[in-house]
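# Per-entry structural report
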Amino acid sequence: MAGKTQDVDAAPEDGEKPAKKGLPIKLIAIAGGAVLLLGGGGFAAYKMFLGGGGHDDHAAKPAAVAAKPAVFFDVPDVLVNLSSANNERTQYLKVKVVLELPDDKLKEQLTPLMPRLLDMFQTYLRELRPTDLDGSAGLYRLKEELTRRVNASIAPNRVNAVLFKEIVVQ
C-alpha cells in the first residue's frame, strides 16, 4: 500500500458511477428563468410607473392643453343667526362666498337662479351651531357641504368649488 497512490480523479472501481460535480442542470435552468422573469418584470414596472425616461413616450403624448383661466361668480353676503340652546346668547354668522365655475357660460345661467342659491345658503347656515365652525376641519366640512348643496340646486350644471372670501362669527 505504501507504493500505491490513489488518484482522486480516477474512475471508481467495481462499476460505481463517478460523483457529480457542480450544480444540476435543472437547478441552473430554473434559476436562469427566474432571473429573466424578475428582470423583465422589473423593467416593465419601471417603464409603466416611472415613465422610463424614453423618448418614445413624448411622441405618443398629445401636446398639453393650455389651462383655462378660473371663472368666479360672487354671491351676495349672507348673514344668519346660528342655532343655539335656550340659555346661550345669540351668535351671528356672516359669510362672503365666491363660486368657482368651470366656464364663463355658467355665469349667465346662475344669475336667474340666485334666489334659489340664497335660500339654500340661509336655510342650511341657520341650522349650524357655533361648534360646527370650530377649526379648519369645521370650515372644510362647511365648504364641502355648501358645494354639494349648490350643485344640487343648479343641476344639471355644476360648480368646481365654493370659496370663502370672509367668515365672521360674532
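Look a little higher up for the structure.
The next subject is the overall build of the protein chain. If you tally the helices and strands in the protein chain, you get five helices and three strands. Counting over 170 residues, the protein chain shows a buried share of 22%. In the protein chain, of all internal contacts separated by at least 6 residues, the share reaching a separation of at least 24 is 67%. Entry remark: accessible area of the protein chain is about 13,200 Å², with carbon and sulfur atoms responsible for 57%.

Note on placement: Ser153 falls in helix 5 (residues 135–153). Relative accessible area serves as the criterion here: at 13%, Ser153 is assigned to the buried category. Apart from the residues lying within four places of it in its own chain, the contact partners of Ser153 are Arg116, Leu117 and Met120.

Its 19 residues place the ends of helix 5 27 Å apart at the C-alpha level, agreeing with the 27 Å of an ideal helix rising 1.5 Å per residue. The complete set of buried residues in helix 5 reads Gly138, Leu142, Glu145, Leu146, Thr147, Val150, Asn151 and Ser153.

Whether parallel or antiparallel, the strands of a sheet pair through hydrogen bonds between backbone atoms. The antiparallel open sheet is built from three strands, whose spatial order is 1-2-3. Both edges of this open sheet fall to strand 1 (71–81) and strand 3 (161–169), since each of them pairs with a single strand only. With direction set aside, neighbouring strand axes in the sheet form an average angle of 15°. Summarising the sheet, strand 2 (residues 92–101) and strand 3 pair through eight bridges and their orientation is antiparallel. The partner of Val98 across the bridge, within strand 3, is Leu163. Of the strands in this sheet, strand 1 and strand 2 are in contact with helix 4 (residues 114–126), which crosses strand 1 at around 45°. Each of strand 2 and strand 3 is contacted by helix 5, which is oriented at about 130° to strand 3, the strand it contacts most.

Scanning all chains against the criterion turns up five salt bridges. Here Asp74 and Lys165 are joined by a salt bridge, their closest N and O atoms 3.5 Å apart. With a gap of 91 residues between them, Asp74 in strand 1 and Lys165 in strand 3 connect regions that are remote in the sequence. Classification of Lys165 by relative accessible area gives exposed; the value is 56%. Two residues, Glu145 and Arg149, come together in a salt bridge whose shortest N-O distance is 2.7 Å. With Glu145 and Arg149 both in helix 5 and four residues apart, the pair spans about one turn of that helix. What you see here is one network of salt bridges that share partners, running through Glu145, Arg148 and Arg149.

Rules behind the numbers
Residues numbered from 1 in each chain as written. Predicted model: local features only at pLDDT ≥ 70, side-chain atom pairs only at ≥ 80, totals over all residues. Heavy atoms only, no water. Helix = DSSP H or I, 4+ residues; strand = E, 2+ residues; numbered from the N terminus. Buried < 20%, exposed > 50% of the residue type's maximum accessible area, 1.4 Å probe, protein only. Contact = heavy atoms within 4.5 Å. Areas by Shrake-Rupley, 256 points an atom, 1.4 Å probe, with all protein chains shown as cover. Expected span 1.5 Å × (residues − 1). Pairing = 2+ DSSP bridges. Axes fitted to C-alpha atoms, helices over the stretch in contact; angles between N-to-C directions. Salt bridge = Lys/Arg side-chain N within 4 Å of Asp/Glu carboxyl O.

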